[in-house]
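Structural overview for review
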Amino acid sequence: MAKLLGIGSALFDMLMTVEGFPKEDSKVQGIESKAQGGGPCAGALVAAGKLGIEAGYIGTLGDDAYGDFIRESLSRYGVGTDHVRIVKGAVSYHSIVILNLQNATRTCVWSRGNVPSPKMEDVDIRVLREASFLHLDGHHLETAIYAAGKAREYGIKVSLDAGGVYPGIRRLLPHVDILIPSEEFSLKFTGERDVLRAAEILEGAYHPEVLIVTQGARGGFLWQEGREVRYPAFRVKAVDSNGAGDTFHGAFLAARMKGMELLEAASFASAASALKCTRFGTQEGIPGFDEVLKFIQEYQELEE
């Protein structure tokens, strides 16, 4: 049985790098391209799987080429797909991502397709009860709320990648044990300008067991006992930042399941995310457990 289950976004990405973003109504030659799986929830599950945690995805996919690729990509990296419902004639979520090598930015054009969201009955309670963690990303909200409520009934910790302020997301937050919002989410959701004040508001309103605010290349912090406890940012030459946040979430959960304390787990996740950024490929570029430990050791030796 999977120790980590996920409900949320899983999609097909066509990733391409260019020397500079083209002007409108013009052409530019690409340098490298890659077909890959993507999506916040799927990326976190792949990260956990590559770090040695048994993971499984609950969701719906179309029976199209995009859906086939997503399912095969998850399976390739050890994420179970036994609880994916295939919808005949539906088009799966897909996108095109262009990476500008001049300034390491990314531009995404996406299509939701028409595959329906998973239903409450798609959540197998017997499977859920055997898990240690349930990871969500704010998509498929009604089913996510249902699954989170059931998970907490059975003592299963619920993690949320709060990257976007989606309609109705406020209803999910009371069911979350591990809340990891981006700085952008924290400020927009609370209406605050100061991220520490935003963290204080989130903690006071929803009382998660763990609250971590991610700040991209600047690292981030745990909010503990009313104060900021920062975890390190690892400076690297970024090649592809796509999927870095997803990697952080999956790596943090993997580290916790391997027995790391909160700050150690956040530091480990930060290192995994940074190392991923040095590699091309949203999921392919996610490192393994020993690779992350070696990276941390070598980085610390250079800093001394």
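That block above? That's the structure.
Below: a short report on this structure. (Residues numbered from 1 in each chain as written. Predicted model: local features only at pLDDT ≥ 70, side-chain atom pairs only at ≥ 80, totals over all residues. Heavy atoms only, no water.)

1. Side note on the sheet that holds strand 7 (residues 105-111)
Keep this limit in mind: Whether two strands pair depends on DSSP finding at least two bridges between them. By the criteria applied, helices consist of DSSP H or I runs no shorter than four residues and strands consist of E runs no shorter than two, each listed in order from the N terminus. In this description, a line fitted to the C-alpha atoms serves as the axis of each element, helices being fitted only across the stretch in contact, and the angle between N-to-C directions of two axes falls anywhere from 0 to 180 degrees.
The four strands are arranged 3-2-6-7 in an open sheet whose pairing can be described as mixed. In the strand order of this sheet, the two ends are held by strand 3 (32-38) and strand 7, each with one partner. Here the average twist between neighbouring strands, direction ignored, is 20°. Here strand 2 (residues 11-18) pairs with strand 3 via seven bridges, running antiparallel. Counterpart to aspartate 13 in the pairing with strand 3 is glutamine 36.

2. Details of the packing of aromatic side chains
Rules: Between rings of Phe, Tyr and Trp, where Trp is taken as its six-membered ring, a pair exists when centres lie within 6.5 Å; planes separated by under 30 degrees are stacked, by over 60 edge-to-face, and by other angles tilted. When a residue's accessible area, from a 1.4 Å probe over protein chains only, is under 20% of the maximum for its type it is buried; when over 50% it is exposed; and in between it is partly exposed. Here, a charge over a ring is recorded when the distance from Lys NZ or Arg CZ to the ring centre is within 6 Å and its angle to the ring normal is within 35 degrees.
In this structure the tally under the stated criterion is 11 aromatic pairs. Ring geometry for phenylalanine 12 against tyrosine 66: centres 5.2 Å apart, planes inclined by 35°, an arrangement best described as tilted. Taken as a pair, phenylalanine 12 in strand 2 and tyrosine 66 in helix 2 (residues 65-76) lie far apart in primary sequence, 54 residues in all. With relative accessibility at 12%, the residue phenylalanine 12 sits in the buried group. Three or more aromatic residues joined by ring pairs make a cluster, and in this case those are Phe12, Tyr66 and Phe69. Here arginine 76 stacks its cationic end above the ring of phenylalanine 69, 5.9 Å away from the centre of that ring. The ring of phenylalanine 289 carries the charged tip of lysine 258 above its face, separated from the ring centre by 4.6 Å.

3. Some points on the nonpolar core
To be explicit about the condition: By nonpolar core we mean a set of buried residues, namely Ala, Val, Leu, Ile, Met, Phe, Trp, Tyr and Cys, connected to one another through side-chain atoms within 4.5 Å. We call two residues in contact whenever any of their non-hydrogen atoms come within 4.5 Å of each other.
In this structure, Leu4, Tyr57, Ile212, Phe252 and Phe268 are the most contacted members of the largest nonpolar core, which totals 50 residues. Residue contributions to this core peak at nine residues, all from helix 8 (residues 262-277). What tyrosine 57 contacts, discounting residues up to four positions off in sequence, is Gly6, Gly8, Ser9, Ala10, Cys41, Leu45, Leu74, Val79, Gly80, His83 and Val84. In terms of nonpolar packing, the next biggest core, distinct from the first, is built from 35 residues, Val158, Leu179, Ala199 and Tyr206 among them.

4. Some thoughts on a nonpolar patch on the surface
The line we're drawing: Patch construction takes residues with relative accessible area above 30% that form no salt bridge. Like charges are linked within 9 Å, and nonpolar side chains (Val, Leu, Ile, Met, Phe, Trp, Tyr) are linked within 5 Å. To be clear on the numbers: accessible area is Shrake-Rupley with a 1.4 Å probe, and residue cover counts the displayed protein chains and nothing else. By salt bridge we mean one thing: a side-chain nitrogen of Lys or Arg within 4 Å of a carboxyl oxygen of Asp or Glu.
Side chains of Met14, Ile96 and Val109 sit close together on the surface and give an oily, nonpolar patch of about 260 Å² of accessible area. The topology assignment puts valine 109 in strand 7. Accessibility expressed as a relative area gives 57% for valine 109, which makes it exposed.

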